[in-house]
Structures are given as structure tokens and as C-alpha cells.
Amino acid sequence: MRHLWLAIWEGLIEHRRALLTLLGIAAGVLVVLQAVFYVASSSAGLCGSCHIMAPYVAAWQNSTHRDVACVSCHREYRWVLSTTYFKYATGLYSLQLRAEVPDARCLACHERQDLDPDKPFLEGIHFSHKNHLGEMRRGKRLHCTSCHSGLTMGEGAESATHVAVEESVCFTCHFKGAEKGQAVTGCLVCHGPPSKVVTHQGFEFDHGSYLQRNVRCNLCHVEVVRGDANVPRSRCATCHVSRIEAYEDVERVHDIHLRRRLIDCKRCHTTIEHGNVQMAAALGERCENCHKPAHTPQEQMYVGIGGTGVPDTPSTMFLAQVACDSCHGEPGRDPRKGAEELRKSCVTCHGAGYDRMVDDWISELSSLASEVRSVLARAEAVAGSKRADPALAAARHNVEFVARARGEHNIHYAVDLLRLARRNAVEVLARAGQTPPAPPPVLASPSGYCRVCHSTSHLGSQLPFAGMTYDHNRHLAAGLTCDTCHSLEEHGKTSIEASQCMACHHGKTQPRSCETCHDQQASLYRGKLAGTEVAGEADVMAQADTSCTDCHDLASGQPLVATVQKACVNCHEAGYDAMVVEWINEDQARVQQLAVLLASAQAALGQTTGPAAASHRQALAEAERIYRALLAAKGAHNPSLAQEASARARKLLEWAAPPATPPR
């Protein structure tokens, strides 16, 4: 073997000039061929000469890039003549062609253009390249080829195109892993607030009315996609014979295929279709599928349409997808039995007492409609030949619609329609110089609607608020509307704070005394702990006829204790201001000690049996009343009586106190 290699080496040395000449000629031929190939490659005809490239060339000719040479994007192939032709000649080429085009190559041309022109994409959707290409999206950095794939097939080969975007690529990112009926980014990001009025199951819907009430899209658009955009293992086998051990490692797979290899999403992910796959039924089971439509006005009222001049206002029950038969029984039954079942359904879902609300709605609407008809009749009589007045015609339509549609199906919408109808009639009377009657409280303001459900007879006359007692009826009688203190948007949420009440109650023209709100403090001041049997002497200040405002300066704007300290010094002498703080601290200490003792007594009561349990329970209840009364009355208003009350409560709980340790 050694002799063979020596012979070969000697032959190479001997014929080196000839061999170098041949190598030079071969290299020259390759350079010439590469140069010819380099020039010829600027034409798509060279690419199309290979039969496996024919579909790509055809797609390129149908694309917006048909005037751009293939090698402008795929320039690396201009230098691989030998490799390309060797694979072609030996049959080692792959039928799954894929080229990697880095972002910089696309931006070399497109950075000089406006990538976000003010024109819609896909039926009015405004798309931003900057938001998708320059920022991380769902933890991944996208590239141009993530969306712009090499070959996009249409309905046929003639509609195939190149570097276009298939809608399914967008849907993969926006819907994969999203809540049912929703997109990961939300619906409005792409669609914006819909401006068109749409028709669904015979009803016209204005999306704007629903969006104003923060109605979620998936309430009606139950399903908006078909497919899941998952990646089945079989997809991996189209490129890999093996090497799928990282299939479960989503981050690694995306890093390799998306960041490094610039592979478009649809090559791996299955297709997601987006549209109105399933819509919620407008009113559940459609009775008119079998029967002649007889309840169209009621359905319109429930959905919140059909009136004039008032925005569409869907019932809260409709928004909760409560169908007609959820409340109403089967048709044809005894009406009395149906009414009974209706009221039972209210209690079943909402609780005791809600059944009477239906009666309130029916009664109140009947009264309101009667009053509005009376005012409207006067206006129509005044108008005379002008009965064709559009405002009066709209008013008449709304009143009759509420009657036909049974306004209790959507009490809020019904009240708004009657309020507008009355306003239209009143305007006609005012122009004729007639004075209209005062409106019912329900129609006097937008918040008057609250009274339909919360009638004054159902409101507690005395309710706790900010350490005081509050009387709804007294404030309503004074002309306050519900939205003065409550939020209409957040259904009854108390939106007012105690400090805002002072604007009315502490004003210069306020005729009410302090005891109107602070009755418990006033009672202690005069020698009686309200709500208990504790009584004694009035405070020394009360015995001297010192009024509340002699100590509390309501106009100063300073902290309460500071104003009282100032009053003490003004009437007495320096040092009396510290006494107020001592009283407050002593009172807080007494109340805290009593709270601890009550907790101990409550625990001890649970372990007490026999006849003693009843007496202990009674003593505990009385002590708790004293404790709550002291909290509300503020013992500094009568320190001596507060001390007596606290001592009485402790005596009531002696049975719960731990036994004293005997002295040694």
C-alpha cells in the first residue's frame, strides 16, 4: 500500500503542470458558467425551467411582486450553481421547497414606503405593521415571513399567489387559546365599534347601544371560530423523519422554527376559520317556528327596540340570556296558574320578595301610562289640525307600544319611552301657553326609574349610614333624586360620601338641628344612652345649655377635634384643650376593653349548658346593645354616663370574666 501511494505522489509531481492546467481550465469553465448563471438568474424563466418550480413561478406571476425579480429576495441562490445542478442531476433535491427571506431583505425596499397606509385590510380592519413587526406578540417576535408565506393557494391553481397573507394566519395568533367567543386581543381591536345596524332572527340590533352598556361580544357571538390551530405530530413528519423529541417544548419549537428558520405559521398550525359560527338565539326557543307570530311587540320590548327617539336598551334579563320560557309556562294554561308560575320563577332565581316586584312594575306602568295619555290627549287637542306633528306622533307611538308590548318585559326601556312621550306633549302645551301638570316622580328625572322597583313603601325608613341613621323617604320628599347619592351605572352603588352630605346639612340656610342626624350623640349628651336602659344625669355642658355649635365650628374646615379644643380654650382656659383628648382616649380604651370581654363571653357561652345558658345569653345581648350604643354615641359627649354604661356592661358579663388569682 505504501508503494502505491508513493507511485501516485510521484505521478502527481511528474504531471503537475498538466494537472494544474486542467484544474485551471475546469475552474475557468465553472466561473464562466457561474457568471452566465448569475446573469440568467435575473429572469424568472430560469427558475421556471425546473418543473418543481412551476407552481411558485405561476404564483409569483399572480402576485404584487411580479415586477420584482426572484433573486431580489432569494439572492443567495445566484451563487449555488454547482450545488443546485448537482442535486437536480442526481435527483437528490427535495419536493418541499422553502426559502428563508430575512426581514432586512424585505425592508430594503419597503422601509422607503408607508407600511401602515390609511386603508382597511380584510373588510374594514385596520392593520399596523409596526405593532406586529417591531414588538413582541404573545411572547414571540414575528417576522415578515410569519404572515407572508411563499405560496398561498386560492380556490384554484390560477388564483395562487406569492408573498400574500392568508386570513387563517391572523386567526392563529388572535384566537388560539382564547376564551370561547373572544379573541386574545379582544374583538374591538380589529373590528372597532361596529357602526352598522344588523338583523338577527328578525330583530335589528345597533351594536353601539350594547357597547355603551359594556355588553361582552360573546354574549351574542357564542362561537366565532372553527378549528383549534393545534400542531398535530403528523405535521412534524412532513419535514422531519425524526428529531421531534422537543414536540412538547413549545418555547424551543418556536425559537427554532420562528426565530431561527423564519418558517411561516401556517406550515405547522392547522387552520382556524373565523366568523359567526354560532349566534345566540334572540329569545331562546322561537315559538313562531310553529305558531303565527303573536308576541312580536313583547319580544321587541324585551330586546329593547321598537320605540322611537330612545336608544336601544336591552333588558338586563335579555342580556343574561334568559329566554321567554324561563319565566313563562307553556301557552294555553290557566292564566292564573301562569301568573303564579311567573312569580315563582322570580323567587327561584332572585330570592324571596322579588315576586312582588312584577306587581309593582305592572301597577306603576299602568299609572304612568294613564298619566301620560292624559297629557298627550291635551296636547293633541291643542295641536288641532297639527296632529300630524312628528313629535306627537312619536309620543303616541311610544305610549301605545308600551301598552301593547307590556312594558314590564323591559321596565327601564318602557319608562324612558313614557318619559320622552310626556316631554314631547309638554313641549306642545308650553308653546300653546298652557301649564302642564307636575310630572310623576318616576318621570321627573332619569333616576326616577329607580322608584319603579324600589317603591318608597319598600325602603326602610331608618337605615345606617356613616355612623348615623338615614331616612330615604324624608330625603325623597325634599326633592332629592336617587342619583344624588347612588350610581345609575353601577346599579344602586352608594356613590356619595359622608363629607358630601355636609354641603346640605351644614349649610347656612339649613333649618334642621344637629339631632336630626346625630340623635344618638344628642341623647347621650342629655343623659340617655339611646337603645338601652342606661340613663343618668345630662353632661355638665348640656346642663349649662351649651349647644352643639358652641363647640363644633362647622364652617372652619378644620379637623373636628381641633375645632372642639379651640372652643374649650375660648370658654375656659389653657389646658382644657388637652382634656378633650383625654376623654376621647378614655372612651376608646373602654370600648376596646368591652369588645374583648364580649368576645370572651361569646366563646364562654358556647360552652355553657343548663339553666344558666339562657340568663347568660340575655346578659350578653344587653351588653352588646350597650357596646353598639357607646360606639355610635361617642362617650366624650358625656364621659361620666359613658363610664357608668361601660361598668354596667362589664357587670352583665361577670360570669364570663376569668376568676381572679388569690393573693399568696
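None of these values were measured; they are calculated from a predicted model.

Participant: Talk me through the environment of Ala395; I want residue IDs and the actual numbers.
Facilitator: Relative to the helices and strands, Ala395 resides in helix 20 (residues 390-405). C-alpha separation for the pair Ala395 and Arg423, spaced 28 residues apart in sequence, amounts to 8.6 Å. Every residue in contact with Ala395, bar those within four places of it in the chain, is listed here: Leu376, Ala421 and Asn424.

Participant: Just give me the short version of helix 4 (residues 54-61), but keep the residues and values in it.
Facilitator: Restricting attention to buried positions, one finds in helix 4 the residues Val57, Ala59 and Trp60. In a view along the axis of helix 4, the buried residues occupy a sector of 160°, so they form one face of it. Looking at the packing, one finds that the buried side of helix 4 touches helix 3 (44-48).

Participant: If you had to explain unusual backbone geometry to someone new, which residues and values would you point to?
Facilitator: One non-glycine residue with positive phi stands out, namely Asp545, at about 60°. On the secondary structure map, Asp545 appears in the loop between helix 27 (540-543) and helix 28 (548-551). Here Asp545 falls in the exposed class, since its relative accessible area comes to 69%. Positioned with a positive phi, Lys634 is a non-glycine residue whose angle comes to about 60°. With respect to the helices and strands, the residue Lys634 is situated in the loop between helix 31 (612-633) and helix 32 (639-652).

Participant: Can you break down the environment of Thr481 residue by residue, with the values?
Facilitator: Its location among the elements puts Thr481 in the loop between helix 24 (472-477) and helix 25 (498-505). Judged by its relative accessible area of 31%, Thr481 falls in the partly exposed class. Remark: the alpha-carbon pair of Thr481 and Arg451, spanning 30 residues in sequence, is separated by 9.8 Å. When residues no more than four places from it in sequence are discounted, the contact partners of Thr481 are Ser445 and Ser447.

Participant: Tell me about the nonpolar core, and please be specific about residues and values.
Facilitator: Within soluble globular proteins, side chains that are nonpolar tend to cluster in buried spots. Counting residues in hydrophobic clusters, the biggest one holds 34 residues, and the most contacted among them are Met301, Ile411, Val415, Leu417, Leu418 and Leu443. Secondary structure elements with two or more residues in this core: helix 19 (355-383), helix 20, helix 21 (411-431), helix 22 (441-444) and helix 23 (450-453). Broken down by element, the residue count for this core peaks at 12 residues, all from helix 21. Ignoring sequence-local partners within four residues, the contact set of Leu443 consists of Leu368, Val372, Val415, Leu418, Arg419 and Arg422. The next biggest cluster of nonpolar side chains, apart from the first, holds 21 residues, and it includes Leu524, Ile626, Leu630 and Ala656.

Participant: Please give an account of the packing of helix 29 (residues 560-571) against helix 30 (residues 576-605) that cites residues and values.
Facilitator: In contact at an axis separation of 7 Å, helix 29 and helix 30 are set at 135° when each is read in the N-to-C sense. In terms of orientation, helix 29 and helix 30 fall into the oblique class. For the element pair helix 29 and helix 30, the recorded crossing hand is right-handed. Only Tyr576, Asp577, Val580, Val581 and Ile584 of helix 30 make contact with helix 29, whose side of the interface consists of Val561, Val564, Gln565, Cys568 and Val569. Of the residues contributing to the contact of helix 29 with helix 30, the split by class is eight nonpolar, one polar and one charged.

The rules we used
Note on numbering: residues in each chain are counted from 1, in written sequence order. In keeping with the model being predicted, local features are shown solely for residues with a pLDDT of at least 70 and side-chain atom pairs are shown and tallied solely at 80 or more, while totals for entire chains, interfaces and linings include all residues. Side-chain metrics in this entry use all non-hydrogen atoms of the structure; hydrogen atoms and water are not considered. Strands here mean DSSP runs of E at least two residues long; helices mean DSSP runs of H or I at least four residues long; both are numbered from the N terminus. A contact between two residues is defined here by any heavy atoms of the two lying within 4.5 Å. Note on exposure labels: buried denotes an accessible area under 20% of the residue type's maximum, exposed denotes more than 50%, and partly exposed covers the range between, all computed with a 1.4 Å probe on protein chains only. To obtain the arc, one takes the directions from the helix axis to the C-beta atoms. Side-chain atoms within 4.5 Å are what join buried Ala, Val, Leu, Ile, Met, Phe, Trp, Tyr and Cys residues into a set we call a nonpolar core. All axes here are fitted lines through C-alpha atoms, helices being fitted over the stretch that makes contact, and every angle between N-to-C directions spans 0 to 180 degrees. In this scheme, roughly parallel covers angles under 35 degrees and roughly antiparallel covers those over 145, while 65 to 115 is roughly perpendicular and the rest are oblique. By convention the crossing between two helices is left-handed if the near helix lies anticlockwise of the far one by an angle smaller than a right angle, and right-handed if it lies clockwise. Gly counts as polar in this scheme, as do all residues outside two lists: the nonpolar Ala, Val, Leu, Ile, Met, Phe, Trp, Tyr, Cys and Pro, and the charged Asp, Glu, Lys and Arg.

Nothing here speaks to function; it is all geometry.
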